[in-house]
Amino acid sequence: MTDKPEKFIDENGIRSDNRRANEIRDVKIEVGVLSRADGSCYLEFGKNKVMAAVYGPREVHPRHQQKSNRAIVRYKYNMASFSVEDRKRPGPDRRSIEVSKVSREALEDQIFTEYFPKSAIDIFVEVLQADAGTRTAAINAASVALADAGIPMRSLVSACAVGKVDDTLVLDLNKDEDNYGQADMPIAMTPDGKITLLQMDGHLTEEEFKQGLEMAQEGCRQIYEMQRKALIDYYSKETEVTAAGDVKENAQEKPEGVTPVEVIEDTEKIDDTNKTGDAKETEGTVENVYPEETGDTVKSGDADELEDSGVEVPHIGENADETDGQMDESEEESSNE
Amino acid sequence: MNKEIVSIIQKDQLYNLMLKGERADGRAFDEIREIKIETGVIAKAEGSARVEIGDTKIIAGVKISPGTPFPDTPDVGVIITSLELIPLASPEFESGPPRENAVELARVTDRGIRESGAIDLKKLCIIEGEKVWMVFIDIHVLDDGGNIMDAAALGSIAALLTATIPAERYELGEDAPLPIRDIPVSVTAVDIGGGIVFDPSLQEERVGNTKLTVISNQEGALAGMQKSGSGSLSPDQINHIVEVACKKAQDIREKFLEI
């Protein structure tokens, strides 16, 4: 681990990685990179490298978790042991349990779970290389993977962090800024401005918080455009190939019967109808069909029930508490994110 | 009883009340239930507190003992926070290793204490790189009446404020009070059909889909935040919660806690 830099921002307002305060790191998104998953996405966010896969809607195991009126969503955030400087002990620790929970909650409400009763939508995200901001990178990738899997959604979800270094708010913290900065606040939101994830630690005044929230929203908007473009590019490429009579390139990698196959005719339409747009259009209908699921007071106790039925429960040893606490501790201390 | 069915009926009721500007227990939207704090309840612990917020009851215990510091922070003490949702507290809690709810509650409590700098960890160093004081905060939920989060945070800081470093027991000098320099207070609100109510009761917590916890420090700045639950909040709602939460935290601090 590097030592704390003397200054995070130089006199010209440039950060250690040549960014300005309101700039996000480079993002690279690849759609449909895995052959077995129903939807997948590889995403690089600065030096973060994450891989997301979506399976489902599929049968629920164990069966007692299934819901008669909707699909359950499960989200597993996992860090590879080699993704951080000091090897991370494999398996879920307290940090990844919490990250999985809040990330699931960031996405769950945007999925039309009521379309798939008694089924499960599983999202797995593997952090291959970590460099501050893995949970936001993971959510960005998961959101694209859900779209790639053809899961009907109200919208994509985009995530980005804002933080404070040298008493200045900066967008999308890098590793040093995360380790030694004064505050870190990851958020996730939908393009229409609903905040679906909000966490914060450190020190922010109310005024800084308000500004930070706006900055982070701007970051999310930029990421949303990139997610959208990645999906459009991927599916329009596929369309061209198919039109030329050569179905190999992308389509072949997909298992039978998966959505991309249906979306051959109109490039423009593909993204809008088959992905998020479609979902939006149908929203009205859904509200009528499930009046009790509308408004903002939806699905009470969901999280509790998932919890009760044992989703994402780490089966760790008897001393889980103590060892985990320490792991947790050392992680937070060394900010091994 | 099936939670989901009950809550659909309750949801209607609470939603209709909300539209009239009312809550089921007659509180104002930003009114917090009666708080009771009793410290020093466990003689064996280095610090302890029993906290009640309405029906919710928790007990927090602090144990302090010497231990090895983490290699990357050789000169500071260690905080380890755990929280258990023991089956005694609710028919919905089961025994076994902590599940995600308990993990989240513990981590957010820990975040508040750590990020506000409540404990002066530098003063907990005994021999740099070899021996530091380790502070274990353990929270047991005794009765889940809703909003365990704020009760847990309140209990942990109240217990820390009364904690003593047991130096004599380990022959490391004289006993001294744990060095506390800030008092973080957590305030949680829940969204019920667009209306924001603070300090949610169990019923409100079940019906509301989205909670936001705001932990603020003595100077009124934010030390930690956590959105919990699968719904979403608008930026306006969030700003409103932050504003009210900071004020309420100040009230609670003045009334119940002092260094």
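Everything numeric in this text was worked out from a predicted model, so none of it was measured. (Residues numbered from 1 in each chain as written. Chains lettered and ligands numbered in written order. Predicted model: local features only at pLDDT ≥ 70, side-chain atom pairs only at ≥ 80, totals over all residues.)

Caption draft 1: Expanded view of the overall build of chain B. Scanning chain B for helices and strands turns up five helices and twelve strands. A compact globule built from 259 residues should have a C-alpha radius of gyration of about 18 Å, and chain B, at 19 Å, falls within 12% of that. Principal-axis analysis of the C-alpha atoms gives chain B an extent of 60 × 40 × 30 Å. Expressed as a percentage of the 259 residues in chain B, the buried residues total 54%. Considering only contacts in chain B between residues 6 or more positions apart, those separated by 24 or more positions represent 68%. (Helix = DSSP H or I, 4+ residues; strand = E, 2+ residues; numbered from the N terminus. Rg over C-alpha atoms; globule rule 2.2 N^0.38 Å. Buried ≥ 20, exposed ≤ 12 C-beta atoms within 10 Å, placed from the backbone. Contact = placed C-beta atoms within 7 Å.)

Caption draft 2: Just the sheet that holds strand β5 (residues 119–129) of chain A, in detail. Residues and elements named next belong to chain A. Across the sheet, which stays open at both edges, the five strands sit in the order β1-β2-β3-β5-β4 with mixed pairing between neighbours. The strands lining the two open edges of the sheet, one partner per strand, are β1 (27–31) and β4 (72–79). Going across the sheet, the axis of each strand differs from the next one's by a mean of 15°, ignoring polarity. Judged from the eight bridges that link them, β4 and β5 form a sheet pairing that is parallel. Its bridge partner lying in β5, arginine 74 is registered against aspartate 122. Its contacts with the sheet put helix α2 (residues 134–148) on β1, β2 (39–45), β3 (48–59), β4 and β5, and the angle it makes with β2 is roughly 150°. (Pairing = 2+ DSSP bridges. Axes fitted to C-alpha atoms, helices over the stretch in contact; angles between N-to-C directions.)

Caption draft 3: Seen up close, the sheet that holds strand β6 (residues 158–165) of chain A. The strand order β7(A)-β6(A)-β8(A)-β9(A)-β12(B)-β11(B)-β9(B)-β10(B) describes an open sheet built from eight strands, whose pairing is antiparallel. Strands at the two margins of the open sheet, each flanked by one partner only, are β7 (168–171) of chain A together with β10 (195–198) of chain B. Each strand axis lies, on average, 20° off the axis of its neighbour in the sheet, ignoring direction. In this sheet, strand β8 (residues 183–189) of chain A lies alongside β6 of chain A in antiparallel orientation, the contact comprising seven bridges. Within the sheet, the bridge partner assigned to valine 162 of chain A lies in β8 of chain A and is methionine 185 of chain A. Across the sheet, helix α1 (residues 94–108) of chain A is in contact with β6, β8 and β9 (195–204) of chain A; its angle to β9 of chain A comes to roughly 140°.

Caption draft 4: Structural detail: the environment of valine 62 of chain B. Residues and elements named next belong to chain B. Its place among the elements puts valine 62 in strand β3 (residues 56–67). Between the C-alpha atoms of valine 62 and leucine 14, which are 48 residues apart in sequence, the distance is 38 Å. The contacts of valine 62, once residues within four sequence positions are left out, are Ala45, Glu46, Gly47, Ser48, Val135, Phe136, Ile137, Ala159, Leu160 and Ala163.

Caption draft 5: Spotlight on the pairing of β1 of chain A. All names here are of chain A. Here β1 shows a buried face lined by Val27, Ile29 and Val31 and an unburied face lined by Lys28 and Glu30. Relative to β2, β1 runs antiparallel, the two sharing five bridges. The partner of glutamate 30 across the bridge, within β2, is tyrosine 42.

Caption draft 6: Broad picture of the confidence of the model for chain A. Residue and element names in this part refer to chain A. Taken as a whole, chain A shows an average pLDDT of 79; of its residues, 70% reach a score of 70 or greater. Mean pLDDT across the elements of chain A bottoms out in helix α7 (residues 302–308) (39) and peaks in α2 (98). For residues 247–337, every residue scores under 50 in pLDDT, and the model assigns this stretch 154 contacts once sequence neighbours within four places are set aside. (pLDDT = per-residue confidence, 0-100.)

Caption draft 7: Quick look at the nonpolar core. Ranked by size, the top nonpolar core spans 153 residues in total, and within it Ala52, Ala141, Ala145, Leu146 and Ile187 of chain A carry the most contacts. When residues no more than four places from it in sequence are discounted, the contact partners of isoleucine 187 of chain A are Ala159, Cys160, Ile195, Leu197, Leu198, Ala216 and Cys220 of chain A. (Core = buried A, V, L, I, M, F, W, Y, C linked by C-beta atoms within 7 Å.)

Caption draft 8: Structural view of the packing of α1 of chain A against helix α2 (residues 100–115) of chain B. Contact pair α1 of chain A / α2 of chain B: the axes reach a minimum separation of 9 Å and the direction vectors enclose 105°. One way to sum up the angle between α1 of chain A and α2 of chain B is to call them roughly perpendicular. Residues Arg94, Ile97, Glu98 and Lys101 of chain A of α1 of chain A lie in contact with α2 of chain B, whose contacting residues are Glu100, Val103, Glu104 and Arg107 of chain B. Split by residue class, the contact of α1 of chain A with α2 of chain B holds two nonpolar, no polar and six charged. (Parallel < 35°, antiparallel > 145°, perpendicular 65-115°, else oblique. Nonpolar A, V, L, I, M, F, W, Y, C, P; charged D, E, K, R; others polar.)

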